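So you can see what is in the structure, the chains are spelled out below.
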Amino acid sequence: MPELPEVETVVRGLRMALPGRRILSVRLGKTDFIEDPVALEQILPGKRITGVRRHGKFLLIDLAPAVAAADAGSQPAEDTSLLVHLGMTGQLVTSPAESPAPPHTHVFVSLDDGRELRYTDIRRFGQMRILANGGHASALGKLGLDPLEATEAEFTSLIHARRAHIKALLLDQHVLRGMGNIYTDESLWRARIHPRRLGANLKPRELRALYRAVRDVLNEAIRLRGSSVSDYVDADGERGEFQLRHRVYQREGEKCFRCKTRIRRIIVAGRSSYFCPHCQPAPKLKRRPTAPRSRAIRRKSAPRRAR
DNA sequence: CTTACGGCCTGGGTGC
DNA sequence: TGCACCCAGGCCGTAA
């Protein structure tokens, strides 16, 4: 699932292929994930691609008004961009125009070098829209800080003021932009913090460890070109390798790399959360109405409930 | 203000 | 072999 490192990898790949290219035409399949399909078809053809950027998990393809054709006193070049979110299963790949497209490919953008930029998305949780003047701010302005750009002081202040589960805070794109379930769990494991700890209860040294862990995990994942756990591929259709370095994500029942304790899975903030119960001790239970102390005798076979 | 939860969507795995 | 069901989890809208 594309999170910050995966989107960053796609962006870097597209930067090799897109800037300088002119868009010839657009062909659409299913369009229910596109905000305004007609606008896409009308605005893109003729535009020249000037750059590719990442903002959190969003990807922006910047566009200029074709050539300097309107040299007769044109308007101050409007800033138009194609905004893409890959959702869960989105892929943005450039291919030779004549090569067969994989199933579930719904956007075909033909370029002036004989290649084609294609958007493939099995589940269509992604989104695509045209941003014109001012649209950038309204679409992206509410997102939080980029975890790789935030200073430790900024990071600390974002977390320390909040009484939500740290897992939820790291996932909240309005707090930090770019983290998803994989990198949240991996960062918490590295920092030895239980996903149900509250942000406000983290000690200064824990906040420092978490800040470092987030940066280290994200940077290493970018270096390995992302995690390919389901459908993720980069702009050339290649898989990443960081899934080979996962320490907790999707490792329920396997041994912790630090202490050999079995990794557990619980639901926090509505998401599967993998952690080591020994390295990441649970917070003190919120006082419940006289919880009977020792009743842990019901630990029978506990069959690994296969779903 | 906060957090919780359902809905969207498809394919792969599992149980019967 | 077939088939119903659960689950993955991005984000958003709505409820509490």
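Computed from a predicted model, the values in this text were never measured in an experiment.

Caption draft 1: Representation of the confidence of the model for chain A. For chain A, the mean per-residue pLDDT works out to 85, and 89% of the residues sit at or above 70. Scored below 50 in pLDDT, residues 287-307 shows three contacts in the model against residues more than four places distant or in partner chains.

Caption draft 2: Looking closely at the layout of surface pockets. In this structure, the second largest pocket encloses a volume near 650 Å³. Contributing to the lining of the second largest pocket are 27 residues, with K57, H85, Q173, G180 and R271 lying nearest its centre. For the lining of the second largest pocket, the elements supplying multiple residues, two or more each, are β4 (80-85), β8 (127-131), α6 (181-191) and β10 (271-275). With three residues, the single largest contributor to the lining of the second largest pocket is β10. Residue composition of the lining of the second largest pocket, grouped by class: 13 nonpolar, nine polar and five charged.

Caption draft 3: Helix α1 (residues 4-17), seen in detail. Here α1 spans 20 Å end to end across 14 residues, near enough to the 20 Å set by a 1.5 Å rise per residue. Taken across its 14 residues, α1 has ten buried, putting it largely inside the fold. Those residues of α1 that sit buried are L4, P5, E6, V7, E8, T9, V10, V11, G13 and L14. Contact partners of the buried residues in α1: β2 (48-55), β3 (58-64), β5 (90-96), β7 (115-121), α6 and α7 (204-223).

Caption draft 4: Just the protein's contact with DNA strand C, in detail. In the region of DNA strand C, 13 residues are neighbours, and R123, F125, Y249, R265 and S272 sit closest. Close to the protein, within 4 Å, the atoms of DNA strand C are drawn from sugar and phosphate at a rate of 54%. In the environment of DNA strand C, a phosphate oxygen lies 3.1 Å from a nitrogen or oxygen atom belonging to the backbone of N181. Taking S272, its side chain carries an N or O atom lying 2.7 Å from a phosphate oxygen of DNA strand C. Here the surface near DNA strand C is built from residues that sort into four nonpolar, four polar and five charged.

Caption draft 5: Quick peek at the pattern of salt bridges. A full pass over the atoms with the stated rule returns 18 salt bridges. Here R129 and E35 are joined by a salt bridge, their closest N and O atoms 3.3 Å apart. Taken together, the positions of R129 in strand β8 and E35 in the loop between β1 (23-28) and α2 (37-43) put the pair 94 residues apart, joining distant regions of the chain. The partner of R197 in a salt bridge is E206, and the shortest N-O contact between them spans 2.8 Å.

Caption draft 6: Region of the structure containing unusual backbone geometry. A positive phi angle, near 60°, is found at Q250, a position not held by glycine. Locating Q250 in the fold gives a position in the loop between α7 and β9 (264-268). Positive phi outside glycine occurs at K260, with the angle close to 75°. Relative to the helices and strands, K260 is located in the loop between α7 and β9.

Caption draft 7: Quick look at the sheet that holds β7. One open sheet holds the four strands; their spatial order is β1-β6-β7-β5, and the pairing between them is antiparallel. Strand pairing shows two members of the sheet lacking a second neighbour, β1 and β5, which therefore form its edges. When strand polarity is set aside, the average angle formed by the axes of neighbouring strands in this sheet is 15°. Where strand β6 (residues 105-111) and β7 come together, five bridges link them in antiparallel fashion. The residue bridging S110 from the neighbouring strand is E116, located in β7.

Caption draft 8: A look at the packing of α6 against α7. Between α6 and α7, whose axes approach to 8 Å, the crossing angle comes to 130°. The orientation of α6 with respect to α7, classified from their angle, is oblique. As α6 packs across α7, the resulting crossing turns out to be right-handed. Contact with α6, carried on its side by Y183, E186, S187, L188, R190 and A191, involves A209, L210, A213, V214, D216, V217, L218, E220 and A221 of α7 and no other residues of that element. Of the residues in the contact of α6 with α7, the class split is ten nonpolar, one polar and four charged.

Caption draft 9: Geometry of the side chain of Q91. Within the secondary structure, Q91 is located in strand β5. Apart from the residues within four sequence positions on either side, Q91 is in contact with L86, R118, Y119, T120, D231 and V233.

Caption draft 10: Molecular detail of the nonpolar core. In terms of nonpolar packing, the biggest core is built from 35 residues, with F155, I166 and L210 touching the most fellow members. Contributing elements (two or more residues each) for this core: α4 (152-160), α5 (166-171), α6 and α7. Non-local contacts of F155, meaning those with residues more than four positions away in its chain, are made with L170, L176, L207, L210, Y211 and V214. One finds V7, I23, V84 and I130 within the second-largest nonpolar core, a separate group that totals 30 residues.

Caption draft 11: Main features of the environment of R53. Mapped onto the elements, R53 comes out in strand β2. Exposure remark for R53: the relative accessible area of 37% places this residue in the partly exposed category. C-alpha of R53 to C-alpha of R190: the two residues are 137 residues apart in sequence and 29 Å apart in space. Those residues within four positions of R53 in sequence are excluded, and the remaining contacts are V11, R15, F58, L59, L60, D62, S81 and H136. Within the local environment of R53, its side chain forms a polar contact with the side chain of D62, the two groups lying 2.8 Å apart.

Parameters at a glance
- Residues numbered from 1 in each chain as written.
- Chains lettered and ligands numbered in written order.
- Predicted model: local features only at pLDDT ≥ 70, side-chain atom pairs only at ≥ 80, totals over all residues.
- Heavy atoms only, no water.
- pLDDT = per-residue confidence, 0-100.
- Contact = heavy atoms within 4.5 Å.
- 1 Å grid on protein atoms, 1.4 Å probe; cavity = no way out; pocket = protein on both sides within 12 Å on 5 of 7 lines; lining within 4 Å.
- Points joined across faces, edges and corners; volume = space filled by probe spheres on them.
- Helix = DSSP H or I, 4+ residues; strand = E, 2+ residues; numbered from the N terminus.
- Nonpolar A, V, L, I, M, F, W, Y, C, P; charged D, E, K, R; others polar.
- Expected span 1.5 Å × (residues − 1).
- Buried < 20%, exposed > 50% of the residue type's maximum accessible area, 1.4 Å probe, protein only.
- Near = heavy atom within 4 Å.
- Polar contact = N/O pair within 3.5 Å; in protein donor to acceptor, adjacent residues only side chain to side chain.
- Salt bridge = Lys/Arg side-chain N within 4 Å of Asp/Glu carboxyl O.
- Pairing = 2+ DSSP bridges.
- Axes fitted to C-alpha atoms, helices over the stretch in contact; angles between N-to-C directions.
- Parallel < 35°, antiparallel > 145°, perpendicular 65-115°, else oblique.
- Left-handed = near helix turned anticlockwise from the far one by under 90°.
- Core = buried A, V, L, I, M, F, W, Y, C linked by side-chain atoms within 4.5 Å.

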